[in-house]
Amino acid sequence: MPELPEVQAMCALLERHCKGRCIERVVARVGGGPRDGKFDTIVIADGVRERDLVEAIAGRRVVGLMRLGKYLCMKLSGSGPHLVFHCGMTGSLSVDGVERFGFQSFSVDEAWPPRFTKLLIELRRSGGPTAKVAFSDPRRLGRIFLRADPMAEAPLSRLAPDPVASSPLLPVEAFADGLARAKGPVKAVLLDQAKVVCGVGNWIADEALSPQQRHAVVLPDNTALKFAVVCGRTTLFAPALVGHGSGDRSGAGAAKTAAPRVGRAPKDLKSSRRPPLRRPAAALAPIRLGVARRHPAKRRKLAE
């Protein structure tokens, strides 16, 4: 799905084909699929009506493009609102005549406009050809916002610093301090767009935390941590603490104790489990009596 690098590539694409051009036509009733010809009230966020969207951006010039996290902002001339795009899981921005972006989990239609298009914009520079831009989203998890001051309003105002676009760049010390103050698994903290950094998604986090990254990781008490791939995802665990009951925190037994399988307790924990609670005979008497009344054939078996 689109993450920081993909949205940055879309931003560069629109920078080349849209900046300096004037929006001369806006179509919000394109599509394909079961919602063909309908205005999408989910992707077009905040209850904005079709007429309001068209009137807000038509006739204005694109003066700049910027990216923050996974959001792309198209700044327009004049005093009206600006466009903010979020691709969600399957959203993508395309330009007519330019090869579509490729993704592992979905593809963008090569026809024009692409199938599942939610917004189509045609732009023209004085004396130049027309550029056509489409935002498509099959699963309708992306969003298009109108914001008068994008950086001061949600959702952009809620984001943590961008590791690439922030000026000045986020210092390593500030990043480390943010991780130290955050509570939760490392990957969950990285995926939270409001905590330490924004723009990081699943594949970037998995790559950064992969076993191939040979960086030593330890707890404050010098307990060593290791990476392991479980069910296709990278996780972090402390080999010395897998046994829990051994009391060995030195890491000496790490080679002998393997990481537990998901959903199954380690072998040395099975013996320490409490035995299942058993109901006393007095508590079972009413249950036995009720069963005997409903099922006379079982009376003899219960009596035994």
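Let us look at the structure shown here. Please read all numbers here as calculations on a predicted model, not as lab measurements.

**A few points about the nonpolar core**
- Core analysis: the biggest nonpolar cluster contains 36 residues, and Leu-14, Leu-53, Ile-57, Leu-72, Leu-83 and Phe-85 have the highest contact counts within it.
- Ranked by the residues each element gives to this core, the list is headed by helix H1 (residues 4-18), at six residues.
- Ignoring anything within four residues of it in the chain, the contact list for Leu-83 reads Leu-53, Ile-57, Leu-72, Cys-73, Met-74, Ile-121, Ile-144, Phe-145 and Leu-146.
- Among the nonpolar cores identified, the runner-up in size contains ten residues, and Val-84, Phe-145, Leu-159 and Cys-198 belong to it.

**A closer look at the environment of Cys-87**
- Here Cys-87 lies in the loop between strand S4 (82-86) and strand S5 (92-95).
- Distance in space between the C-alpha atoms of Cys-87 and Asp-137 is 7.5 Å, their sequence separation being 50 residues.

**Topic: the packing of aromatic side chains**
- Evaluated as defined, the whole model comprises two aromatic pairs.
- Ring centres of Phe-85 and Phe-135 lie 5.6 Å apart, and the angle between their planes is 35°; on these two criteria the pair is classed as tilted. With a gap of 50 residues between them, Phe-85 in strand S4 and Phe-135 in strand S7 (residues 130-136) connect regions that are remote in the sequence. Like Phe-135, Phe-85 is buried.
- With a centroid separation of 4.4 Å and 10° between ring planes, the pair formed by Phe-103 and Phe-106 is classed as stacked. By the burial criterion, Phe-103 is buried, and Phe-106 matches it.

**Remarks on the sheet that holds strand S3 (residues 71-76)**
- Taken in spatial order, the four strands of this open sheet run S2-S3-S4-S8, and their pairing is antiparallel. What marks the edges here is a single partner per strand, and that holds for strand S2 (62-68) and strand S8 (143-147). Taking each pair of neighbouring strands and ignoring which way they run, the sheet shows an average axis angle of 20°.
- Examined bridge by bridge, S3 and S4 share four bridges and lie antiparallel to one another. Across the sheet, the residue bridging to Met-74 is Leu-83, located in S4.
- The strands touched by H1 within the sheet are S2 and S3, with S2 carrying the most contacts at an inclination of about 175°.

**Let's talk about the pattern of salt bridges**
- Across all of its chains, the model carries twelve salt bridges by this definition.
- The partner of Arg-147 in a salt bridge is Asp-46, and the shortest N-O contact between them spans 2.8 Å. In this pair, Arg-147 sits in strand S8 while Asp-46 sits in the loop between strand S1 (22-27) and helix H2 (50-57), placing the two residues 101 residues apart along the sequence.
- Taking the relative accessible area as the measure of exposure, Arg-147 reaches 12% and is therefore buried.
- With relative accessibility at 52%, the residue Asp-46 sits in the exposed group.
- Where Asp-206 meets Lys-187, a salt bridge forms, and the shortest distance between an N and an O atom there is 2.8 Å. Here Lys-187 lies in helix H4 (residues 186-191) and Asp-206 lies in helix H5 (residues 202-208), a separation of 19 residues in the sequence.
- The network of salt bridges with shared partners includes Arg-35, Asp-40, Lys-118 and Arg-140.

**Some thoughts on the pairing of S7**
- Across the seven residues of S7, five count as buried, placing the element largely inside the fold.
- Bridging between S5 and S7 involves four bridges; their strand directions are antiparallel. Bridging from a neighbouring strand, Ser-92 pairs with Ser-136 of S7.
- Here strand S6 (residues 117-124) pairs with S7 via seven bridges, running antiparallel. From the neighbouring strand, Ile-121 faces S7, where its bridge partner is Val-133.
- Following S6, the chain reverses through five residues before pairing antiparallel with S7; Gly-127 in that reversal takes a positive phi of roughly 80°.

Rules used throughout
- One numbering rule holds for all chains: residues counted from 1, following each sequence as written.
- In keeping with the predicted nature of the model, local features appear solely for residues at pLDDT of at least 70, side-chain atom pairs appear and are counted solely at 80 or more, and the whole-chain, interface and lining totals rest on all residues.
- Values shown for side chains rest on all heavy atoms present in the structure; no hydrogens or waters enter the calculation.
- For this analysis, a nonpolar core means a set of buried residues of the types Ala, Val, Leu, Ile, Met, Phe, Trp, Tyr and Cys, connected via side-chain atoms within 4.5 Å.
- For the exposure calls, accessible area comes from a 1.4 Å probe over protein chains only, and a residue counts as buried if that area is under 20% of its type's maximum, exposed if over 50%, partly exposed in between.
- Numbering goes from the N terminus for both helices and strands, where a helix is a DSSP run of H or I of at least four residues and a strand is a run of E of at least two.
- A contact between two residues is defined here by any heavy atoms of the two lying within 4.5 Å.
- Stacked, tilted and edge-to-face are the three classes applied to pairs of Phe, Tyr and Trp rings, where Trp contributes its six-membered ring and a pair requires centres within 6.5 Å; stacked means planes under 30 degrees apart, edge-to-face means over 60, and tilted covers the rest.
- If DSSP finds at least two bridges between two strands, the strands pair.
- Only C-alpha atoms enter the line fits that serve as axes; for helices the fit covers just the stretch in contact. Angles between N-to-C directions range over 0 to 180 degrees.
- Only one rule defines a salt bridge in this text: a Lys or Arg side-chain nitrogen within 4 Å of an Asp or Glu carboxyl oxygen.

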